[in-house]
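Architecture and fold: a report
Residue-level listing of the chains:
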Amino acid sequence: MPSRLLFNQETIDAGRPKLSNYHAGYERWKKDPEGFWADAAQEIDWFTPWEKVFDPDEGVYGRWFTGALCNTCYNAIDRHADGERGDQPALIFDSPVTDTKQSFSFKDMKVEVSALAAVLQDSGVGKGDRVIIYMPMVPEAVFAMLACARIGAVHSVVFGGFASAELATRIDDAMPKVIISASCGIEPSRVVAYKPLLDDAIKIARYKPDRCVILQREVQPCNLTEGRDIDYAEAVASARATGREVPCLPVAAIDPLYILYTSGTTGRPKGVVRDNGSHMVALKWSMWNEYGVKPGEVFWAASDVGWVVGHSYIVYAPLLHGCTTVLFEGKPVGTPDAGTFWRVIAEHGVVALFTAPTALRAIKAQDPEGVLSQAYDLSKFRTLFLAGERADPDTVKWAEGQIKVPVIDHWWQTETGSPISHNPVGLGMLSVKYGSSGVPMPGYDVRILDDAGHEVEAGTLGNVAIKLPLPPACLPTLWNADQRFREAYLVEYPGYYKTADAGYLDADGLLFIMARTDDIINVAGHRLSTGGMEEVIAEHRDVAECAVIGIADEMKGQVPCGFLVLNAGVARTPAEVEAEIVALVRKKIGPVASFKIAVTVKRLPKTRSGKILRGTMQSIANNKEWKLPPTIDDPAILDEIAAALSQHGIGAWGPSNGV
Ligand code: COA
Ligand code: AMP
């Protein structure tokens, strides 16, 4: 494999070490994990220090910083607001879809967050109570997260692209006292009214919140529900007028800061829990050591606060580190053009951008020669970070050619909260091969296991697992579901956390993440469960059986494709049912599922024991070589599948090509 372009680090940042300290840092952690994290924890202000850095007897696999008291909002906001960074911009809001630019200093943030915290308290929210945040990419979403942290409440942000039924599932699981939402979100092609989605979700949910705090947006205000809803701006203004101080409440380091639901192998999402103390320690450590960014610099994660990247690298890590963070309400293309990212970088002096490869592919499709980037002064820009899906070498090489800065692929999951593998900029970059997501970070003992749980040789593909205990910032458990946590992650390979990713470590210790081992697909950097989609499709009265697989898509990486077997005697045409199925998935899961392909087939291919052969269908659809599974019930079905796909312009047509 070709070696990655090597950059002269001196020209990038004179302060960065010339020889990488990575290996020494990793060894230091391996020899003394507790000493390593105790040192990192010095960067955080604690109300009460820990009794134990790591207590193996607490929680499911142990807990970090037990006995300590701290507050995440204090470390992210107050200590900067009350210190020398008070007037520095903490958050820059850039919204091409509303033509708005706003800057909030750390002092401004403290005022906004305290006022909203007072509103929450007046609504009966106290320590440990849950608050769901269902909002577009507006500063108030960030204030809401921090206001919860301030008073020890547990936030759960739900991505705006999810529909009512998904929101309802999360309401029932988290049981929030309050929901903070907005009248609408703005997509390039349309205004998305959030209020009807919220009302519908509350109607569907068994659990009902006491109150909803609604941000009215000028673009499309909404009616408030009497007795339940209050106006965000009015409530905050009156809280501010009283001048009431809401101090940061000391909470245990092991208390939950938030729950973030992520796709599991069924329609029921998993409530990933994040603690306060270890989360701060790991995120603060990552900002310099992994991302090479200094306090006071401008960092931009072009994600959404509804995803883990948004939680960690729009909100918490940059603010904990005293950086300015950019909140961008727009898309890489179409708002208004494929030069938007470069405009934001130039205009706000961004030193590092974190995005998903799909965003670059979208830009590349519209501006392959990179003409638009040349119009902007990118002299402050040092590094481009990619995660969320595998960074394909073509896209990485294209980006390197356009913007002349290192393009770094790194790998992590909602569950871990910060990178598992990386090419650490602050510690000193290594020469990493294309297609690799770097080397394991301190804290992560990554092993590749065969299906029986034995380690495989370098270069052999296997199940990627992490030796327990998991490091700071990783999930200690799932919300109210210790047993589900054990079953989903810890049981299959005793002593390890199962990542559900497949990959290999090469002889140089570089990690390559190749695919998921479960039913999760990655659509435009969004993690989705095909099992969840199958549950929705199976509800349709005309569907006897179904299967959903991910098929390759040039821009989004993968998109879902549903196969339907209709009940006998259905009067309507397959095309009519297919259209209904597409609409149903959009209604139940949301537009984010990008479910646009439904294919009616006579039968689904199965093993003799009745297991649907999704892997083989996926190979056919993706034009990959495939072998006839020896346990297949009836091989002729595979040709029927190929023919049906071919009619939709997908995959290879012809007899079983790999037999
Ligand atoms: N609220 C409501 N609807 C939303 C939404 C939100 N917050 N986010 C997305 N949607 C809708 C979109 O409008 C689209 O609807 P449509 O089917 O009517 O067109 C649908 O959900 C699918 O959205 P998306 O997958 O984002 O496709 P897109 O064509 O709008 O944009 C990209 C494609 C590549 C530009 C976009 O997905 C992108 O920027 N991806 C980066 C991903 C990312 O940041 N991931 C986080 C990990 S780092
Ligand atoms: P999420 O929890 O939404 O962040 O999605 C996590 C999943 O996205 C991982 O388990 C991987 O399957 C995939 N993923 C994230 N980053 C990368 C990467 N750099 N390379 C390959 N896959 C990735």
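As the structure is a prediction and not an experimental result, all values here were calculated from the model. (Residues numbered from 1 in each chain as written. Chains lettered and ligands numbered in written order. Predicted model: local features only at pLDDT ≥ 70, side-chain atom pairs only at ≥ 80, totals over all residues. Heavy atoms only, no water.)

Helix and strand counts for the protein stand at 19 helices and 31 strands. Relative to the globule expectation of 26 Å for 659 residues, the C-alpha radius of gyration of the protein, 25 Å, shows essentially globular dimensions. Along the first, second and third principal axes, the C-alpha atoms of the protein reach 70 × 65 × 55 Å. Per-residue burial over the protein gives 61% buried out of 659 residues. By sequence separation, contacts in the protein at least 24 residues apart represent 71% of the contacts at least 6 residues apart. Of the roughly 24,900 Å² that the protein leaves accessible, carbon and sulfur atoms contribute 51%. In the protein, 65 side chains carry a positive charge and 81 a negative one; their mean positions are 1 Å apart. (Helix = DSSP H or I, 4+ residues; strand = E, 2+ residues; numbered from the N terminus. Rg over C-alpha atoms; globule rule 2.2 N^0.38 Å. Buried < 20%, exposed > 50% of the residue type's maximum accessible area, 1.4 Å probe, protein only. Contact = heavy atoms within 4.5 Å. Areas by Shrake-Rupley, 256 points an atom, 1.4 Å probe, with all protein chains shown as cover. Lys, Arg positive; Asp, Glu negative; His and termini not counted. Charge placed at Lys NZ, Arg CZ, Asp CG, Glu CD.)

All right, on to helix α14 (residues 393-403) then. Among the residues of α14, T395, V396, W398, A399, E400 and I403 are the ones counted as buried. Looking at the buried residues of α14, the elements they touch are α12 (340-348), α13 (357-366), β19 (383-386) and β20 (407-409). Positive backbone phi, approximately 55°, marks K404, located one or two places after α14.

So, about the site of ligand 1. Residues in contact with ligand 1 amount to 24 residues; listed here are only the nearest, E187, K331, K556, R586 and K596. At a separation of 3.4 Å, an oxygen atom of ligand 1 approaches a polar backbone atom of P591. Its free accessible area being 930 Å², ligand 1 has 85% of it covered by the protein chains. When grouped by side-chain class, the residues that make up the shell around ligand 1 number 11 nonpolar, seven polar and six charged. (Near = heavy atom within 4 Å. Polar contact = N/O pair within 3.5 Å; in protein donor to acceptor, adjacent residues only side chain to side chain. Nonpolar A, V, L, I, M, F, W, Y, C, P; charged D, E, K, R; others polar.)

Further remarks concern the packing of aromatic side chains. A complete count under the given rule lists 32 aromatic pairs for this structure. Between W300 and F328 the ring centres are 5.3 Å apart and the planes differ by 70°, which places this aromatic pair in the edge-to-face class. Placement of the pair is W300 in strand β16 (residues 298-301) and F328 in strand β17 (residues 324-328), with a sequence separation of 28 residues. Both residues of the pair, W300 and F328, count as buried. Here the aromatic rings of F485 and Y489 are separated by 5.5 Å at their centres, their planes lie at 50°, and the arrangement is tilted. Of this pair, F485 and Y489 are both found in helix α15 (residues 482-490), four residues apart, which corresponds to roughly one turn of the helix. (Phe/Tyr/Trp six-rings, centres within 6.5 Å; stacked < 30°, edge-to-face > 60°.)

A word on the domain arrangement of the protein. According to the domain assignment, the protein contains domain 1 (9-65) and domain 2 (524-653). Using C-alpha coordinates to define each centre, domain 1 is positioned 46 Å away from domain 2. (Domains from an automatic or database assignment.)

Quick look at the packing of α13 against α14 now. It is at 10 Å that the axes of α13 and α14 come closest, and there the two elements cross at 65°. For the pair α13 and α14, the crossing hand works out as left-handed. Facing α13, whose interface residues are P357, L360, R361, I363 and K364, α14 presents D394, T395, W398 and A399. Grouping the amino acids of the contact of α13 with α14 by side-chain chemistry returns five nonpolar, one polar and three charged. (Axes fitted to C-alpha atoms, helices over the stretch in contact; angles between N-to-C directions. Left-handed = near helix turned anticlockwise from the far one by under 90°.)

Turning next to the pattern of salt bridges. Applying the stated criterion across every chain, the model contains 41 salt bridges. D199 serves as the salt-bridge partner of R228, at 2.7 Å between the closest nitrogen and oxygen. Remark: D199 occurs in helix α8 (residues 194-204) and R228 occurs in the loop between β11 (211-215) and β12 (229-231); sequence separation between them is 29 residues. Of the residues examined, R228 reaches a relative accessible area of 15% and is grouped as buried. For D199, a relative accessible area of 26% translates into the label partly exposed. (Salt bridge = Lys/Arg side-chain N within 4 Å of Asp/Glu carboxyl O.)

On the secondary structure map, R217 appears in the loop between β11 and β12. Residue classification places R217 among the buried residues on the basis of a relative accessible area of 9%. A polar contact of 3.4 Å, which involves the side chain of R217, links it to the backbone oxygen of C184. In this structure R217 touches T98, P136, V138, S183, C184, G185, I186 and E329, once residues within four positions along its chain are discounted.

The next thing to look at is the sheet that holds β16. Read from one edge to the other, the open sheet built from seven strands follows the order β5-β4-β17-β16-β18-β19-β20, with strand pairing classed as mixed. The open sheet is flanked by β5 (100-105) and β20, the only strands paired with a single partner. Averaged over neighbouring strand pairs, the angle between their axes works out to 20° when direction is ignored. For strand β4 (residues 89-95) and β17, the ladder comprises four bridges, and the chain directions are parallel. Among the inter-strand pairings, L91 is bridged to a residue of β17, identified as T325. (Pairing = 2+ DSSP bridges.)

Ligand 2 sits among 15 residues. The nearest are H410, T414, D501, R516 and R527. One of the backbone N or O atoms of G388 is found 3.1 Å from a nitrogen atom in ligand 2. Within the backbone of H410, a nitrogen or oxygen atom sits 2.7 Å from a nitrogen atom of ligand 2. When ligand 2 sits alone it has 490 Å² of accessible area, and the protein chains cover 92% of it. Taken together, the residues that form the shell around ligand 2 break down as four nonpolar, five polar and six charged.

Once that is clear, we can look at the side chain of T530. Structurally, T530 can be placed in helix α16 (residues 530-538). Within polar-contact distance, the side chain of T530 engages the backbone oxygen of D519 at 2.8 Å. Once residues within four sequence positions are removed from consideration, T530 is found in contact with D519, I521, V548 and I549.

The next point concerns the pairing of strand β6 (residues 130-134). Judged by how many residues are buried, β6 sits mostly within the fold: five of five residues are covered. Residues R130, I132 and Y134 point to one face of β6 and V131 and I133 to the other, with burial holding for every one of them. Relative to strand β7 (residues 154-157), β6 is paired through four bridges, and the arrangement is parallel. The partner of R130 across the bridge, within β7, is V154. Traced from β6 through helix α6 (residues 139-151) to β7, the parallel crossover comes out right-handed. Of the pairings in the sheet, the one linking β6 to strand β8 (residues 178-182) comprises four bridges and is parallel in character. By the bridge assignment, I133 is partnered in β8 with I180. (Right-handed = clockwise from strand over helix to strand, strands pointing away.)

Considering every residue of the protein, the mean pLDDT works out to 93; 96% of them sit at 70 or more. Below a pLDDT of 50 lies the segment residues 1-17, which in the model reaches 45 contacts outside its immediate sequence neighbourhood of four places, other chains included. Throughout residues 653-659 the model reports pLDDT below 50, and contacts reaching past four residues in sequence, or to other chains, amount to 16 contacts. (pLDDT = per-residue confidence, 0-100.)

Two elements in contact, α6 and helix α11 (residues 308-320), have axes separated by 11 Å at closest approach and are oriented at 55°. With respect to their mutual orientation, α6 and α11 come out oblique. Where α6 crosses over α11, the handedness of that crossing is right-handed. Touching V142, M145, L146 and A149 of α6 are H311, V315, Y316 and L319, all from α11. Class assignment for the residues of the contact of α6 with α11 results in seven nonpolar, one polar and no charged. (Parallel < 35°, antiparallel > 145°, perpendicular 65-115°, else oblique.)

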